[in-house]
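# Fold and geometry: a report
Spelled out, the chains give:
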Amino acid sequence: MKIVDIRATTVAVPLEAPLRHSNGAHWGRFVRTIVEVEADNGLVGLGEMGGGGESAEAAFKALLPYLTGHDPFQLEALRFKIANPTASLYNNRTQLLAAIEFACLDLVGQHLGVPVHDLLGGRVRDEVAFASYLFFRYAAEGHKEIRTPDQLVEQARELKREHGFTVHKLKGGVFPPGYELECYRALAAAFPEDRLRYDPNAVLSMAEGLRFGRAIEDLNNDYLEDPVFGLEGLRQVREQVRVPLATNTVVVNFEQLASNVMRRSADVILLDTTFWGGIRPCVKAAGVCETFQLGVAVHSSGELGIQLATMLHLGAVLPNLGYAADAHYHQLRDDVIEGGKLPYVNGAIAVPSGPGLGVRLDRDKVARYAELYRETGGYPYDRDPGRPGWYAQVPNERFADPDISVEVRT
Ligand SMILES: [Mg+2]
């Protein structure tokens, strides 16, 4: 089997509502690039990357001279062909590599007639549990604003009723920490049987991070995720707060993982199939974590069905997956895969069992959402449509005002 073509299509898929986060917002849609890698036997492998537009499509096209004739089975060689560690200082292709790796695994699986998890050691579970992933949101068609503790609890209740979540993650870093603490404790009070996690995307100062961490020690926390920035910052919080710490920001490669093993800063490593350059590096990293008794979970950097499939195959093969995975997926209004969105049952999604990644493109949906991308374009992820002129600092001290309700047009 040999690669003969690479195609990339940027799509915009609507979210229920704009999602607020510490750096700005997802402005009511996800912009993603769908990658198709075609082999000489006619099979097409699927990949996905966050962001998009002409430059992303061109970046994938530019890999064709590197990969024409490449055998998709040669996954280690793939890494060195397009993202060896020193050449990557000049052309950071980690996220491109990840999308191509997904597609090559999909090709190999289809070629052999086996699911990707069978190429990764075989699954140890048939479904992957997910957290509810709660955001402060602006109002949008059919969906009310989520800003107050009551609105947040109501959203969590709806999601729990609809999807069966028993773990709730609050994405914070939007409002002052004291206010978000009130929100988090409201969730804890509303769901005393469930587990919780809070992620302010590393924007708290050391003092606020310590204050927040100490103030939740009595709750049923999975972990506190990136309360402050940096391995050294996390280490200081970890020394003074009795809540496990997790990160997806500062342990995203093997050098950082080694640092965290030698001088522990985070207890739980959130593995992201894109940030780490593919599913296989995440499996390798999970092996290191198993040896050193670090926890692992599956991170979400935003996903449509292809990326979600990579997260499910990853979650399926990790014996030491100790926590529910994160996904933005339930915030989407639609997907680009055949059959529509993969369903949650009892807070979990079944691991695809078809050949390769086990998901195929719905061509009509891809065309529709490629058109939506052409109409609406990208959006500045690191800006907030409700706060013109604002930008985030780390640590942040200019939080949004929780008493103000803003209507935004995105
Ligand atoms: Mg995070």
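Residues numbered from 1 in each chain as written. Predicted model: local features only at pLDDT ≥ 70, side-chain atom pairs only at ≥ 80, totals over all residues.

The end-to-end C-alpha distance of helix α7 (residues 177-190) is 20 Å, a good match for the 20 Å that 14 residues give at a rise of 1.5 Å each. Buried within α7 we find Pro177, Glu180, Cys183, Tyr184 and Leu187. The arc that holds every buried residue of α7, seen down its axis, measures 115 degrees, which confines them to one face. Where the residues of α7 are buried, they touch α6 (149-163), β8 (167-171), β9 (195-199) and α8 (206-215). (Helix = DSSP H or I, 4+ residues; strand = E, 2+ residues; numbered from the N terminus. Expected span 1.5 Å × (residues − 1). Buried ≥ 20, exposed ≤ 12 C-beta atoms within 10 Å, placed from the backbone. Arc of directions from axis to C-beta. Contact = placed C-beta atoms within 7 Å.)

Attention shifts here to the sheet that holds strand β1 (residues 3-14). Picture the strands of a sheet paired through backbone hydrogen bonds; they go either parallel or antiparallel. Ordered by their spatial adjacency, three strands build an open sheet running β1-β4-β5, and the pairing between neighbours is antiparallel. Strands with a single pairing partner mark the edges of an open sheet, and in this sheet they are β1 and β5 (44-50). Neighbour-to-neighbour, the strand axes of the sheet open up by a mean angle of 25 degrees, direction not taken into account. As judged from the eleven bridges shared by β1 and strand β4 (residues 29-39), these two strands associate in the antiparallel manner. Residue pairing in the sheet places Ile3 in a bridge with Ala39 of β4. The strands touched by helix α1 (residues 54-61) within the sheet are β1, β4 and β5, with β1 carrying the most contacts at an inclination of about 160 degrees. Helix-sheet contacts for helix α4 (residues 94-112) involve β4 and β5, and the interaxial angle to β5 is about 155 degrees. (Pairing = 2+ DSSP bridges. Axes fitted to C-alpha atoms, helices over the stretch in contact; angles between N-to-C directions.)

UniProt records the feature "domain: Mandelate racemase/muconate lactonizing enzyme C-terminal" (unreviewed entry) for residues 149-244 in the present numbering. A helix fraction of 51% and a strand fraction of 16% characterise residues 149-244, whose end C-alpha atoms lie 24 Å from each other. (UniProt positions renumbered as here; feature names shortened; annotations may be inferred.)

Put simply, Val394 and Pro395 share a cis peptide bond, and its omega is -5 degrees. Tracing the backbone through its elements, the reader meets Pro395 in the segment after α13 (363-376). At Asn201, a residue that is not glycine, the phi angle is positive and equals roughly 55 degrees. Assignment of secondary structure puts Asn201 in the loop between β9 and α8. The class for Asn201 is buried, based on 21 C-beta atoms found within 10 Å. With a phi close to 70 degrees, Ala202 is a non-glycine residue in the positive phi region. Along the chain, Ala202 turns up in the loop between β9 and α8. According to the C-beta neighbour criterion, Ala202 is buried, with 24 such atoms within 10 Å.

By domain assignment, the protein chain separates into domain 1 (3-118 + 363-376) and domain 2 (121-350). A separation of 24 Å is found between the C-alpha centroids of domain 1 and domain 2. Between domain 1 and domain 2, the residue contacts involve 36 residues of the former and 36 residues of the latter. Contributions of two or more residues to the side of domain 1 that touches domain 2 are made by β1, β2 (19-21), β4, β5, α3 (75-83), α4, α5 (116-119) and α13. Of the residues forming the side of domain 1 that touches domain 2, the biggest block, seven residues, is contributed by α4. Grouping the constituent residues of the side of domain 1 that touches domain 2 by class yields 20 nonpolar, nine polar and seven charged. (Domains from an automatic or database assignment. Nonpolar A, V, L, I, M, F, W, Y, C, P; charged D, E, K, R; others polar.)

Note on strand geometry: in a regular strand, side chains alternate between the two faces of the sheet. Side chains of strand β7 (residues 134-137) alternate between two faces, with Leu134 and Phe136 and Phe135 and Arg137 buried alike. The pairing of β2 with β7 spans two bridges and is antiparallel. Looking at β7, one finds that Arg20 is bridged to Phe136. Two elements, β7 and β8, share two bridges in a ladder whose sense is parallel. When the bridges of β8 are listed, Phe135 appears paired with Lys171.

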